[in-house]
Amino acid sequence: MRIGDGYTGSEKVSTTAWVAAAAVLSIGLALTAGAVIWQQQRASAEARGLQERQVERLQADVVKRLTMPVYGLKGARGALAALDGKFSRAAFDAYVESRDLPREFPGVRGFGFIERVARRDLAAFVAARQREGGTEFRVHGSGQDPTLYVVTQISPFSHNFSAWGIDSGANPVRRQAIEQAIDSGEATLSAPVRLVQDPLKGTGFLLLVPVYLQGHDPGTPAERHAALLGLLYAPLVAGDLLRGVAEPASSLLDLKLSVRTTDGEFQPLLATRAGQALAPAEAADYGLSDAPTADSLRFTVAGREFMLDTALTHEASMRLLGLSGLGLELGGALLSLLLAVTVYLLAAGRTRAEEMARGMTADLARLAMVASHTTNAVLITDTERRINWVNDGFTRLSGFASAEAVGKRPSDLLRSELTNEDTLHGMREAMSVGLGCKVELIRRAKDGRDYWVDVEVQPLHDAEGTLTGFMVIESDITARKQLQAQADEARQSLQDLYDNAPCAYYALDQNGRFLQINALGLSWLGCTAEELIGLASPADFFDAEGRLLFSQAFPRFMREGRISELEFNVKGRQGEARRVSLSATAIYEANGNYLRSRSVMFDISETHRIRQQLHQLTLDQEAMLESDLVGIVKLRDRVTVWRNQALERMFGYAEGELLGAPVRQLYVDDTAYETLGALAYPQLKAGGRFRTQLQMRRKDGSLIWVDMAGVELPALSNERGGESLWMMVDITQSKAHEARMERAALHDALTGLPNRLLLGDRLKQAIAAAERSGHVFALAYLDLNGFKQINDSHGHDAGDEVLKAVAARLHAGLRASDTVARLGGDEFVVLLTPTLVPADAEPVLNRLLDALSQPITLSSGEQVAVGSSLGLAHFPVDGQTADGLMRVADEAMFANKRAGRARARTS
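## Re unusual backbone geometry
That bond from Ser 155 to Pro 156 is cis: its omega, 0 degrees, falls within 30 degrees of zero. Residue placement: Pro 156 occurs in the loop between strand E2 (147–155) and helix H6 (157–160).

So, in structure tokens, the structure goes:
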């Protein structure tokens, strides 16, 4: 506030200015250098002063934006004290809706309440909140600390629902701020955090205000922890909070605003260069310390340290400092002339200043006359809030004369036991940073009378913009407050009908007939108020079961004064039916006689329908779990906590015998038990499912094949953690059939030897192994000589006996690593692997040929003999593919057959 800024009087130019200018010109070039130095210093000082004033304004604006939400939180603390320390969701929403958050507190996404919970009490705490109406309340995001700090209230709920039930203490930054607020008893600003309410995931803060029992600060950190009721908090989005704060100074200053984090570093919140805001990534590397006009200011807000780095922009530096040495370039004569003009202007300015001072004196006299005759109390204080001057209105209102008031602080002179300390604290915080404010307070007059005043505080500045004190204007609003209290009391009786909307709210007399009912209740019953009041009862709209329950419950309700969560089927006059839950409290006269009820009826039709569906689903699940085909078991730490009868039948146990038993006894051995645990449980804990087939052991020791699948069950509490559900099907028969089918597909039906398909697979494996190791192997193609004559002479059964005998002799003469296969008819293939050199195969094959040449005794007693022609191929000499090796061996066999050779020879 500057008095006299409006002066527009005529300017009088003194002849002294002309004399001074002439004297300066006569000095000439001798004083040129001194004038230049003086001009440079003056320009630098003015630029520095301008920069400092802009920095002070920036600091004050930032402090104001960060501290203004404290007043809203402290107002909520006062409302909480008025409600005996218990905030219902409806009451908390009502308080937040009464504040215009976007206008009063820019950047604030809402107000919330945090409660401290011991982990051992968490289940009971959640159940209590659900009983109080928050049926969907859950705690999430919990850490491992024994103490949780859970968000139990948050409003507006639609913008903050993801924070409802979150454990703020799980985050180290949030926990540090919470504990700092509890220990100090003061409003506390957290280090930068990411807010769940901010979809852009920018920088945010939590502003916390502790709330103690009885509404008073106990005094010491230990006592504060013991008396903690909870913490009110506001999530602040830094981008919204600081929007526009740098615009007034953007043409003058480059700036960077940072906040200290928990690790001691400073994180940038805002940075501008040449009037343009920098992106966060660019702001992190942006530094101003090398600029010639760089300056750094550190200040603390609500326990959090901030740093403001500033420097004049390039354009501002050129404008304010760039021309300070121009006189040197223009020469001594021009410098002398400029200095003369400067002296002339200063002298002329003095004359103008004297005229302005005289005008300001007149203005002050007029303002003093207005202040003295106003009915309001007017005080002027210094920067320490000590009174310098009061008007007559102050004396009339408070009873204190000017001499009694001067030198004292208003809060000390006029304090009453009813004065709100939070409001006083907010005033002091605003004035401590040079800001004004407007509040309502209770004052105490000299005669002991308490009165209400509307207080407006305005900061006073001198011509240079320096804070010199404050003007305080107080208006007596006692009569208005009394009328307001009467109006609030009158509204309270009406407000009760609608506090719990949307619901039917009504009152019943001692006969159970309606005294009052709200519009929603009327719509449910399909009646007008005239049709119900004094004439009808809720039981008139219940079914037969509900009327019986009402007739039994209403007399008990009038005696006991409270009833809750009774359920009825209600049918309105238009036929619309619904399921409702009824709760009520009784109001009694002074003599204890029942007067009326305060009843609330909630529509739970959907909840009732869901409950019935859940009940049916439970029955369906029980039927499925007791399936005769699938064994089902629930395990905790691999011990059975539930099983169905099909599981016990599958493993041969009596009913109940497996309950509480470790599942190790169902496994074949320790290795199988430990292997499945190592494979399955990490996969289950990661949220996956595990399925496998393995052999398991029945009670009698026999083995069965089981197809089993498992999944980890969600943990609803600490007692339910680590549980898994497994389903098992006996697939022993299908496994046996599978083995038979596999053998039939890969083996010759007559001899039991591998067939062409299995031989091809093993030949490919042999090629791959030989390529890796560098070994060789041999492939022999055999064809029986004289077999056709045996078939023709003795019949096909005899031929089959010969083939079986040949197969047995071939198989007996080979190593475990070798393979003999029947291709069909009387053709056989022998695979010898590995061999070091091709010649190693000859002794083995000759031994086989010798065995084949021995007579074969048929089942008829006759003896027959067969010979064999053999062709041999070696890998990789004769081929590097299965087809190539088979072709070479086949051709060699035919060549030997034509030549009558029966020995194995390498080429």
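## Points about the sheet that holds strand E27 (residues 819–824)
Spatial strand order, E27-E28-E26-E31: 4 strands in an open sheet with antiparallel pairing. Two strands bound the open sheet, and with one partner strand each, they are E27 and strand E31 (867–875). Neighbour-to-neighbour, the strand axes of this sheet turn through a mean angle of 20 degrees, independent of strand direction. Relative to strand E28 (residues 827–835), E27 is paired through 5 bridges, and the arrangement is antiparallel. What sits directly across from Arg 822, in E28, is Phe 828.

## Here's the deal with the pattern of salt bridges
With the rule as written, the count across this model stands at 40 salt bridges. Several salt bridges converge on common partners, so that one network encompasses Arg 57, Asp 61 and Arg 65.

## Observations regarding the confidence of the model for the protein
Taken as a whole, the protein shows an average pLDDT of 83; of its residues, 86% reach a score of 70 or greater. Per-residue pLDDT, averaged within each element of the protein, yields its smallest value for helix H12 (residues 326–330) (51) and its largest for strand E3 (residues 188–189) (94). Contacts from residues 1–13, a stretch scored under 50 in pLDDT, to residues over four places away or in other chains number 22 contacts. Counting interchain partners and residues more than four positions distant, the pLDDT-below-50 stretch residues 903–907 has 15 contacts.

## Focus on helix H24 (residues 670–685)
Taking 1.5 Å as the rise per residue, H24 with 16 residues should run 22 Å; its terminal C-alpha atoms sit 22 Å apart, in good agreement. Taken as a whole, H24 has its buried residues at Tyr 673, Leu 676, Gly 677, Ala 680, Tyr 681 and Leu 684. In the core, the buried residues of H24 are packed alongside strand E21 (631–636), strand E23 (689–697), strand E24 (703–712) and strand E25 (723–730). For H24, the N-terminal cap is Asp 669; the gap from its side-chain oxygen to the backbone nitrogen of Thr 671 is 3.3 Å. Of the residues one or two after H24, Gly 687 is the one with positive phi, at around 95 degrees.

## As for the pairing of strand E15 (residues 467–476)
In this structure, strand E11 (residues 377–381) lies alongside E15, joined through 5 bridges in antiparallel fashion. The residue bridging Ile 380 from the neighbouring strand is Met 471, located in E15. Where strand E14 (residues 450–461) and E15 come together, 9 bridges link them in antiparallel fashion. Each bridged residue has a counterpart across the sheet, and for Gln 458 the counterpart in E15 is Met 471. Taken together, E14 and the strand that follows it, E15, pair antiparallel across an intervening segment of 5 residues, in which Gly 465 is found at a positive phi of about 85 degrees.

## Some points on the environment of Asp 670
Note on placement: Asp 670 falls in helix H24. One polar contact links Asp 670 to Arg 664, side chain to side chain, over a distance of 2.5 Å.

## A word on the packing of helix H28 (residues 796–812) against helix H29 (residues 841–852)
In the contact formed by H28 and H29, the axes pass within 9 Å of each other and the chain directions differ by 150 degrees. Between H28 and H29, the angle is such that the two are roughly antiparallel. Here the hand of the crossing between H28 and H29 comes out right-handed. The residues of H29 that touch H28, namely those facing Val 806, Arg 809 and Leu 810, are Leu 848, Ala 851 and Leu 852. Of the residues belonging to the contact of H28 with H29, the class tally is 5 nonpolar, no polar and 1 charged.

## Considerations on the sheet that holds E21
Strand order in this open sheet of 5 strands is E22-E21-E25-E24-E23, and the pairing throughout is antiparallel. For this open sheet the edge positions go to strand E22 (639–643) and E23, each flanked by a neighbour on one side alone. With direction set aside, neighbouring strand axes in the sheet form an average angle of 30 degrees. Pairing of E23 with E24, which is carried by 9 bridges, proceeds in the antiparallel orientation.

Cut-offs applied
- Residues numbered from 1 in each chain as written.
- Predicted model: local features only at pLDDT ≥ 70, side-chain atom pairs only at ≥ 80, totals over all residues.
- Heavy atoms only, no water.
- Helix = DSSP H or I, 4+ residues; strand = E, 2+ residues; numbered from the N terminus.
- Pairing = 2+ DSSP bridges.
- Axes fitted to C-alpha atoms, helices over the stretch in contact; angles between N-to-C directions.
- Salt bridge = Lys/Arg side-chain N within 4 Å of Asp/Glu carboxyl O.
- pLDDT = per-residue confidence, 0-100.
- Contact = heavy atoms within 4.5 Å.
- Expected span 1.5 Å × (residues − 1).
- Buried < 20%, exposed > 50% of the residue type's maximum accessible area, 1.4 Å probe, protein only.
- Polar contact = N/O pair within 3.5 Å; in protein donor to acceptor, adjacent residues only side chain to side chain.
- Parallel < 35°, antiparallel > 145°, perpendicular 65-115°, else oblique.
- Left-handed = near helix turned anticlockwise from the far one by under 90°.
- Nonpolar A, V, L, I, M, F, W, Y, C, P; charged D, E, K, R; others polar.

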